[in-house]
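Examining the three-dimensional arrangement
What follows is the residue order along each chain.
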Amino acid sequence: MIVCVAVVGHQNNPLYIQSFTKGDDSLLRISILNVEGCSYHSLKRHHIVHCSLDVVDERVNNPKKSGLIINETFLGLLNPTENYKVYGYLTNTKVKFILVTTDLEVRDVDARVFFGRFHTAYVDAVSNPFHIPGKKITSRKFAERVSTIVKSFGLSSGG
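To keep things clear, this report deals only with the structure shown in the data block. (Residues numbered from 1 in each chain as written. Predicted model: local features only at pLDDT ≥ 70, side-chain atom pairs only at ≥ 80, totals over all residues. Heavy atoms only, no water.)

This brings us to the overall build of the chain. Looking only at helices and strands, the chain has 4 helices and 6 strands in total. Considering the chain as a whole, with its 159 residues, one finds that 40% of them fall into the buried category. Taken as a whole, the chain presents about 9300 Å² of accessible surface, with 53% of it coming from carbon and sulfur. (Helix = DSSP H or I, 4+ residues; strand = E, 2+ residues; numbered from the N terminus. Buried < 20%, exposed > 50% of the residue type's maximum accessible area, 1.4 Å probe, protein only. Areas by Shrake-Rupley, 256 points an atom, 1.4 Å probe, with all protein chains shown as cover.)

Here's what the structure looks like:
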């Protein structure tokens, strides 16, 4: 189950973070800069996203050491923790996508499909003429598309 997705700008500024609660089917949208009233688990997920940025930077700056193919956008598993697995994706414009999941056996192909769909939704959102580049994504349509993508995560694989 996906518990959090994030879009982080090329200067490591948070552009979009969306957390998903287990008990409620609705979305809990939280801003990283305004954490008043956030639950412990939401703050923990934000911390996990923030820590994974160091791993992204390390892999991008040392591609030979990390085994990363230079033109590869999928960064793979970034940071396995006790309860979560964190996957990363890097666009050509150095925007980072972070996926935090509780599934301990996520296949790379499922994560790649997720990031491909997420990237398409992101491109559509920032292509909006009213979106200001480098600013937080506030599009309700983008949030709905992300929710749909998250709900379909792992369903495309045959089981």
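All told, the structure shown has 10 aromatic pairs when counted by the stated rule. Measuring from ring centre to ring centre gives 5.3 Å for Tyr89 and Phe115, while their planes differ by 20°; the resulting arrangement is stacked. With Tyr89 in strand β5 (residues 85-90) and Phe115 in helix α3 (residues 108-126), this pair connects stretches of sequence that are 26 residues apart. On the basis of relative accessibility, which here comes to 10%, the residue Tyr89 falls in the buried class. Taking the centre distance of 5.6 Å and the plane angle of 15° together, the rings of Phe114 and Phe118 count as stacked. (Phe/Tyr/Trp six-rings, centres within 6.5 Å; stacked < 30°, edge-to-face > 60°.)

All right, on to the pattern of salt bridges then. Evaluation of the coordinates by the stated rule reveals 2 salt bridges. Between Arg107 and Asp110 there is a salt bridge, and its shortest N-O distance comes to 3.5 Å. We classify Asp110 as buried; its relative accessible area is 12%. Where Arg145 meets Asp124, a salt bridge forms, and the shortest distance between an N and an O atom there is 2.5 Å. Separated by 21 residues along the polypeptide, Arg145 in helix α4 (residues 140-151) and Asp124 in helix α3 bring together distant segments of the chain. Among the residues examined, Arg145 registers a relative accessible area of 28% and is labelled partly exposed. The class for Asp124 is partly exposed, based on a relative accessible area of 42%. (Salt bridge = Lys/Arg side-chain N within 4 Å of Asp/Glu carboxyl O.)

The next subject is the environment of Phe97. Along the chain, Phe97 falls in strand β6 (residues 96-101). With 21 residues separating them along the chain, Phe97 and Phe118 place their C-alpha atoms 8.3 Å apart. Setting aside chain neighbours within four positions, we find Phe97 in contact with Ala6, Val7, Tyr87, Gly88, Tyr89, Thr91, Phe115, Phe118, His119 and Tyr122. (Contact = heavy atoms within 4.5 Å.)

Let's shift gears to the packing of α3 against α4. Where α3 meets α4, the axes come as close as 10 Å, and the angle between the chain directions of the two elements is 170°. It follows from the interaxial angle that α3 and α4 lie roughly antiparallel. On the side of α3, the interface is formed by Phe114, Arg117, Phe118, Thr120, Ala121, Tyr122, Asp124 and Ala125, while α4 contributes Phe142, Arg145, Val146, Ile149 and Val150. A breakdown of the residues in the contact of α3 with α4 according to their chemical character gives 9 nonpolar, 1 polar and 3 charged. (Axes fitted to C-alpha atoms, helices over the stretch in contact; angles between N-to-C directions. Parallel < 35°, antiparallel > 145°, perpendicular 65-115°, else oblique. Nonpolar A, V, L, I, M, F, W, Y, C, P; charged D, E, K, R; others polar.)

Keep in mind that these numbers describe shape and distance, not what the molecule does.
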